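# Structural features, examined
Residue-level listing of the chains:
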Amino acid sequence: MEAAHAAAAVLRERAGDVASLTWQHKGAADFVTEVDLAAEARVREVVGQRLPEASIAGEEMSPNSAGERGLLFVVDPLDGTTNYLHGYPEYAVSIGVVDDRELLAAVVHNAVNGEEFTALAAHGAWRNGEPIRVSAIGEPHRALVGTGFPFRNLDLLPRYQEQFAAMVSATSGLRRAGSAALDLCDVACGRLDAFWELSLAPWDIAAGMLIIREAGGVVTRLDGTDALVDHGPVVASNGMLHPWMLGKVGDAPH
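Now for a look at the structure at hand.

## Some thoughts on the packing of aromatic side chains
Here the structure, examined in full by the defined rule, presents 4 aromatic pairs. Ring geometry for tyrosine 84 and tyrosine 91: centres 4.9 Å apart, planes at 85°, overall edge-to-face. Across the pair, exposure class does not vary: tyrosine 84 and tyrosine 91 are buried alike. On the basis of an interplanar angle of 45° and a centroid distance of 6.2 Å, the ring pair of tyrosine 160 and phenylalanine 164 is categorised as tilted. Note that tyrosine 160 and phenylalanine 164 are positioned in helix 4 (residues 157-168) at a spacing of 4 residues, about one turn of the helix. For phenylalanine 164, a relative accessible area of 32% translates into the label partly exposed. An aromatic cluster of at least three residues, connected via ring pairs, comprises Phe149, Tyr160, Phe164 and Trp196.

## Notes on the sheet that holds strand 10 (residues 144-147)
Neighbouring strands of a sheet are bound in pairs by backbone hydrogen bonds; such pairs are parallel or else antiparallel. As summarised here, the arrangement of the 5 strands in space is 11-10-12-14-13, forming an open sheet in which the pairing is mixed. One side of each edge strand has no neighbouring strand; the edge strands of this open sheet are strand 11 (173-175) and strand 13 (218-220). When the angles between neighbouring strand axes are averaged without regard to direction, this sheet yields 20°. Across 3 bridges, the pairing between strand 13 and strand 14 (residues 232-237) is antiparallel.

## Describing helix 1 (residues 2-14)
Counted at 1.5 Å a residue, the expected span for helix 1 with its 13 residues is 18 Å, and the 19 Å between its end C-alpha atoms agrees. Buried residues of helix 1: Ala3, Ala4, Ala6, Ala7, Ala8, Val10 and Leu11, and no others. Summarising the contacts, the buried residues of helix 1 are in contact with helix 2 (34-50), strand 4 (71-79), helix 3 (81-86), strand 5 (92-99) and strand 6 (102-110).

## Comments concerning the state of the cysteines
Scanning all chains against the criterion turns up 0 disulfides. The thiol sulfur of cysteine 185 is not disulfide-bonded, and the nearest other cysteine sulfur, from cysteine 189, lies at 7.6 Å.

## Things to note about the pairing of strand 10
Alignment of strand 10 against strand 11, held across 3 bridges, turns out to be parallel. Residue pairing across strands places leucine 144 opposite glycine 173, the latter belonging to strand 11. In this fold, strand 10 hands off to helix 4, which returns the chain to strand 11; that crossover is right-handed. Across 3 bridges, strand 10 lies against strand 12 (residues 194-200) in parallel orientation.

## Things to note about the pattern of salt bridges
According to the stated counting rule, one finds 8 salt bridges in the structure shown. We note a salt bridge from arginine 50 to glutamate 2, for which the minimum N-O separation is 2.6 Å. Pair noted here: arginine 50 is in helix 2 and glutamate 2 is in helix 1, with a separation of 48 residues, a long-range link. Judged by its relative accessible area of 38%, glutamate 2 is partly exposed.

## Observations regarding unusual backbone geometry
Residues other than glycine seldom take positive phi values, yet aspartate 100 does so here, at roughly 50°. Mapped onto the secondary structure, aspartate 100 falls in the loop between strand 5 and strand 6. One non-glycine residue with positive phi stands out, namely asparagine 128, at about 50°. Along the chain, asparagine 128 turns up in the loop between strand 8 (124-127) and strand 9 (130-131). On the accessibility criterion, asparagine 128 (46% relative accessible area) is partly exposed.

What counts, and at which threshold
- Residues numbered from 1 in each chain as written.
- Predicted model: local features only at pLDDT ≥ 70, side-chain atom pairs only at ≥ 80, totals over all residues.
- Heavy atoms only, no water.
- Phe/Tyr/Trp six-rings, centres within 6.5 Å; stacked < 30°, edge-to-face > 60°.
- Buried < 20%, exposed > 50% of the residue type's maximum accessible area, 1.4 Å probe, protein only.
- Helix = DSSP H or I, 4+ residues; strand = E, 2+ residues; numbered from the N terminus.
- Pairing = 2+ DSSP bridges.
- Axes fitted to C-alpha atoms, helices over the stretch in contact; angles between N-to-C directions.
- Expected span 1.5 Å × (residues − 1).
- Contact = heavy atoms within 4.5 Å.
- Disulfide = S-S within 2.5 Å.
- Right-handed = clockwise from strand over helix to strand, strands pointing away.
- Salt bridge = Lys/Arg side-chain N within 4 Å of Asp/Glu carboxyl O.

Purely geometric numbers; function is a separate question.
Structural data, given as structure tokens:
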């Protein structure tokens, strides 16, 4: 939490001056700025002081470290960079703590409004210190579902468009806010009933996965196996909707 607060302070400091930032292209519609780098540096500083033995897999500085063994902090210093660059108020710092690939702790700090989601393995999940639970909606026509566009992998777009059509015609609505970390937290606290995306990275999901599971929800791959802190697709839900979600967007027979 201390590391997340330090990174969020960097984001807030520059939020009113985004016009001066230099956008570097990592890929199609995928950007990094000096703010992302400065925020990740602050996380590294705090973790290095507190737990010098820990490794860090950060989206900007060490993305290839996500599979390392031992104590590992999986960090997205600015989840929602494009939102940030446009002043769209949906972005966060996301940190998941893993030991030998087992999720132990998580924090997602909304840098816009200060809302903070946390979780400890086998101990629960919280929003601003208050316990949270997933929703109890089991009827698809009542469900509000979050999603993310496959903007990095446009070859997935035809499949996604089919999924989108299937979901929008069967639910009460779809939402795409542009920060997977916050979307997962919205599932955990019941604002969303489910979420899916076809191409996410470890730092996008490490914290949110634990927060959902500790809030009573389910996070899997498209085939229904448990999602890991890895690259790939994710389906998350309150549990009640999960078989239906997998039937609509998953690899299981429809």
